[in-house]
Amino acid sequence: SPGPVVTVTLQENLGNRIYVTGRVSKPGVYLLNQDVTVTQALAMAGGLTPFAKVKDIQILRREGDVERAIPFNYKQVQRGKHLEQNIILRPGDTVLVP
């Protein structure tokens, strides 16, 4: 007869984190367990605060030794324009809301 069956599940992959900082209701570290867009990350962080500069949001992404800033204009995306800005975040990305 077969022995006991043991199932091991990885509770969380510590590398799959994004950071949302600045003028959001709940800044912090968020785990990615699926694809998350910029607007979804902002929602996870409780949304923008009243004085957030919605046109000047940036996604900071490290690629090798280089950190680059990807602009994100929330006002445009809200209006259904330039939706290509609403990128899928990668582990390690920081969404910076000034």
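Everything discussed here concerns the structure shown above.
Residues numbered from 1 in each chain as written. Predicted model: local features only at pLDDT ≥ 70, side-chain atom pairs only at ≥ 80, totals over all residues. Heavy atoms only, no water.

Considerations on unusual backbone geometry
In plain terms, the rule: Think of it this way: any DSSP run of H or I at least four residues long counts as a helix, any run of E at least two long counts as a strand, and we number them from the N terminus. Throughout this description, buried means an accessible area under 20% of the type-specific maximum (1.4 Å probe, protein chains only), exposed means over 50%, and partly exposed covers the range between.
Phi angles above zero are rare outside glycine, and His-82 is one such case at about 50°. Looking at where His-82 falls in the secondary structure, it is placed in the loop between helix 2 (74–78) and strand 5 (94–97). The class for His-82 is partly exposed, based on a relative accessible area of 44%.

Comments concerning the packing of aromatic side chains
How we decide: Geometry of aromatic contacts follows a simple scheme: Phe, Tyr and Trp rings, the Trp one being its six-membered ring, pair when their centres are within 6.5 Å, and the pair is stacked under 30 degrees between planes, edge-to-face over 60, tilted otherwise.
Under the defined criterion, the tally for this structure stands at one aromatic pair. Between the aromatic rings of Phe-72 and Tyr-74, the centroid separation amounts to 6.3 Å while the plane-to-plane angle is 50°, which identifies the pairing as tilted.

Description of the nonpolar core
How we decide: Here, nonpolar core refers to any group of buried Ala, Val, Leu, Ile, Met, Phe, Trp, Tyr and Cys residues whose side-chain atoms link them within 4.5 Å. The contact criterion used is simple: two residues touch if any of their non-hydrogen atoms lie within 4.5 Å.
Counting residues in each nonpolar core, the largest one holds 19 residues, and the members touching the most others are Val-20, Leu-42 and Val-95. Listed by contribution, the elements that provide at least two residues to this core are strand 1 (17–22), helix 1 (38–44), strand 3 (57–63), strand 4 (66–72) and strand 5. Contact partners of Val-20, with chain neighbours within four places excluded, come to Pro-27, Gly-28, Tyr-30, Ala-41, Leu-42, Ala-45 and Val-95.

Remarks on the sheet that holds strand 1
Note the threshold: In this description, strands pair whenever DSSP reports at least two bridges between them. Here an axis means a line fitted to C-alpha atoms, over the contact stretch when the element is a helix, while the angle between two N-to-C directions is reported on a 0 to 180 degree scale.
A sheet is described by the order of its strands in space; here five strands give the open sequence 2-1-5-3-4, paired in mixed fashion. At either end of the open sheet lies a strand with only one pairing partner, and these are strand 2 (28–31) and strand 4. Each strand axis lies, on average, 25° off the axis of its neighbour in the sheet, ignoring direction. Note: strand 1 against strand 2, four bridges, orientation antiparallel. Residue pairing for strand 2: Ile-18 is matched across the bridge by Tyr-30.

Digging into the pattern of salt bridges
What counts is decided by this rule: Salt bridge criterion: a side-chain nitrogen from Lys or Arg within 4 Å of a carboxyl oxygen from Asp or Glu.
Across all of its chains, the model carries three salt bridges by this definition. One salt bridge connects Glu-63 with Arg-68, and the closest N-O pair in it is separated by 3.1 Å. For Glu-63, a relative accessible area of 34% corresponds to the partly exposed category. We classify Arg-68 as partly exposed; its relative accessible area is 39%. Between Glu-63 and Arg-90 there is a salt bridge, with the nearest N and O atoms lying 3.5 Å from each other. Within this pair, whereas Glu-63 is found in strand 3, its partner Arg-90 is found in the loop between helix 2 and strand 5, the two being separated by 27 residues in sequence. Since its relative accessible area comes to 44%, Arg-90 is described here as partly exposed.

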